Amino acid sequence: MSRRRTSALAAAALLTVGLAGCSGGAAPTVRSVPTAPPKATTPAPRVPAGHAPTEAFAVGVRQLKLNRDGDRSLPVTIWYPARGAAGGTPERSAPAATGRFPVVMFSHGLGARPEDYQLLLSRWAAAGFVVAAPRFPHTGTGGDGNVLDVLNQPADVSYALTQVLALDAKAGDPLRGRLDAGRVAAAGHSAGGVTTIGLFTAGRDERLDAGIVFAGAALGVGTTFAGAAAPQLFVHGEADEVVNYAAGKAAYDAVPWPKAMLSLPKGDHGRALLTDGKALRVVSDTTVEFLRWTLYGDAKAKGRLPADATRGHLATLDDHL
């Protein structure tokens, strides 16, 4: 048996065991097993110093219908800074706010959909980020729940990112001239966290400047972080019943770049991302400041991270930024 085939089988076993708590069914074919990624580099992050917006934006939301290779439907929900009064419910197809905004690609967990994370993702948009979240064909709501297809998802995200960035130059598109292709991050929860790690390891997308991993681990995608330095923030509940906290910490420990880990002592697998409350506010405030620093180059945002992360003793922050 070839080494490549052996690697694919090992990846399948890891994913099936590690994420079986929220999926089922027979596994689809893994489209490719990536070759070893280039060695990671550790210079300073690439985004130049700057200042994030200080105002809160209204939030618009729209859908983008994509299909990779003709048989991987990838509908994308996009939340973006919009004109109007801040603080309301995201408005469909609202006019975009003036400016050029960084892009964050978000990957959902098994059996989920992008809309499940609207409380968090709309807060990112209100802070000045365009957030694009594909619904994956096998692991999203309505799919067959096959765990192994997670290994195909980093390529799905890269494809979706290309299509989203193309809107910046598309005549007549509401986001024309509003996207900053030089400031891009990836984030994801659970299986989406595995997907996000994959975008910095075996499936490295060099357009990415930063990553946020919620309740994720390196199952099947490896811990060889590759390419230019991209700061990483891990968020994990210490009482996670699906993806063990130690597995997330192991992936975090392998990151060779600036990094931080937000640990929620009473946190489970994801309620802090889905339910409004004190824990969501801590997660939201911390991730917004991390994105302000890594995508806008805002040094003051970096300085606010420890206070935001530890507010109310709901979380601790391991900080190597």
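A quick note: this is a predicted structure, and the numbers were derived from the prediction, not measured.

Novice: Give a description of the packing of helix α7 (residues 278-296) against helix α8 (residues 299-310) that names residues and reports values.
Specialist: Contact pair α7 / α8: the axes reach a minimum separation of 8 Å and the direction vectors enclose 160°. With respect to α8, the axis of α7 lies roughly antiparallel. Of the two possible hands of crossing, α7 and α8 adopt the one that is left-handed. Of the residues in α8, those touching α7 at Val282, Asp285, Thr286, Glu289, Phe290, Arg292 and Trp293 are Ala299, Ala301, Lys302, Arg304, Leu305, Asp308 and Ala309. Of the residues contributing to the contact of α7 with α8, the split by class is seven nonpolar, one polar and six charged.

Novice: Now, about the side chain of Arg68: what can you tell me, with residues and values included?
Specialist: Here Arg68 shows up in strand β2 (residues 67-68). Taking the relative accessible area as the measure of exposure, Arg68 reaches 11% and is therefore buried. Within the structure, the side chain of Arg68 is placed 3.4 Å from the backbone oxygen of Asn152, a separation counted as a polar contact.

Novice: Explain the nonpolar core to me, and be specific about the residues and the numbers.
Specialist: Formed by 93 residues in total, the largest nonpolar core has its most connected members in Ile78, Val104, Phe106, Leu121, Trp124 and Phe214. The biggest single contributor to this core is α7, with nine residues. When residues no more than four places from it in sequence are discounted, the contact partners of Trp124 are Val104, Phe106, Phe129, Val131, Ala187, Ile212, Phe214, Thr287, Val288 and Leu291.

Novice: Could you give an account of the confidence of the model for the chain, with specific residues and numbers?
Specialist: Model confidence for the chain is summarised by a mean pLDDT of 88, while 86% of its residues fall at 70 or above. Under a pLDDT of 50 for its full length, residues 1-14 has, in the predicted model, twelve contacts with residues more than four places off or in other chains. Residue range residues 20-28 is modelled with pLDDT below 50. Its contacts to residues more than four positions away, or to other chains, number 17 contacts.

Novice: Give a detailed account of unusual backbone geometry, specifying residues and quantitative values.
Specialist: In this structure, Asp69 takes a positive phi of about 65° despite not being glycine. Structurally, Asp69 is set in the loop between β2 and β3 (72-73). We classify Asp69 as exposed; its relative accessible area is 57%. The backbone of Ser190 shows a phi angle near 60°, a positive value even though the residue is not glycine.

Novice: I'd like a description of the packing of aromatic side chains, backed by residues and values.
Specialist: Applying the stated rule across the entire model yields nine aromatic pairs. Each ring, one from Phe106 and one from Trp124, has its centre 6.3 Å from the other, and the planes form 70°; the classification is edge-to-face. Within this pair, whereas Phe106 is found in strand β6 (residues 101-107), its partner Trp124 is found in helix α2 (residues 118-126), the two being separated by 18 residues in sequence. As far as the burial class goes, Phe106 and Trp124 line up, both buried. Measuring from ring centre to ring centre gives 5.7 Å for Phe225 and Trp257, while their planes differ by 80°; the resulting arrangement is edge-to-face.

Novice: Can you lay out the packing of helix α3 (residues 153-166) against helix α4 (residues 191-198) for me, pointing to particular residues and giving the numbers?
Specialist: Contact geometry of α3 with α4 gives a least axis separation of 8 Å together with a crossing angle of 70°. Relative to α4, α3 is oriented roughly perpendicular. Where α3 abuts α4, its residues Gln153, Pro154 and Val157 lie against Ala191, Thr195 and Gly198.

Novice: Tell me about the sheet that holds strand β9 (residues 210-214), and name the residues and values.
Specialist: Within the open sheet, the ten strands sit side by side as β5-β1-β4-β7-β6-β8-β9-β10-β11-β12. Their pairing is mixed. Here the strands that pair on one side only, and so sit at the sheet edges, are β5 (91-92) and β12 (316-320). Relative to β5, strand β1 (residues 58-64) runs parallel, the two sharing two bridges. Paired with Val61 across the two strands is Arg92, which belongs to β5. Helix-sheet contacts for α4 involve β6, β8 (179-189), β9 and β10 (232-237), and the interaxial angle to β8 is about 135°. Against the sheet, helix α5 (residues 245-254) engages β10, β11 (259-264) and β12, with an angle of about 165° to β11.

What counts, and where the lines are drawn
- Residues numbered from 1 in each chain as written.
- Predicted model: local features only at pLDDT ≥ 70, side-chain atom pairs only at ≥ 80, totals over all residues.
- Heavy atoms only, no water.
- Axes fitted to C-alpha atoms, helices over the stretch in contact; angles between N-to-C directions.
- Helix = DSSP H or I, 4+ residues; strand = E, 2+ residues; numbered from the N terminus.
- Parallel < 35°, antiparallel > 145°, perpendicular 65-115°, else oblique.
- Left-handed = near helix turned anticlockwise from the far one by under 90°.
- Contact = heavy atoms within 4.5 Å.
- Nonpolar A, V, L, I, M, F, W, Y, C, P; charged D, E, K, R; others polar.
- Buried < 20%, exposed > 50% of the residue type's maximum accessible area, 1.4 Å probe, protein only.
- Polar contact = N/O pair within 3.5 Å; in protein donor to acceptor, adjacent residues only side chain to side chain.
- Core = buried A, V, L, I, M, F, W, Y, C linked by side-chain atoms within 4.5 Å.
- pLDDT = per-residue confidence, 0-100.
- Phe/Tyr/Trp six-rings, centres within 6.5 Å; stacked < 30°, edge-to-face > 60°.
- Pairing = 2+ DSSP bridges.

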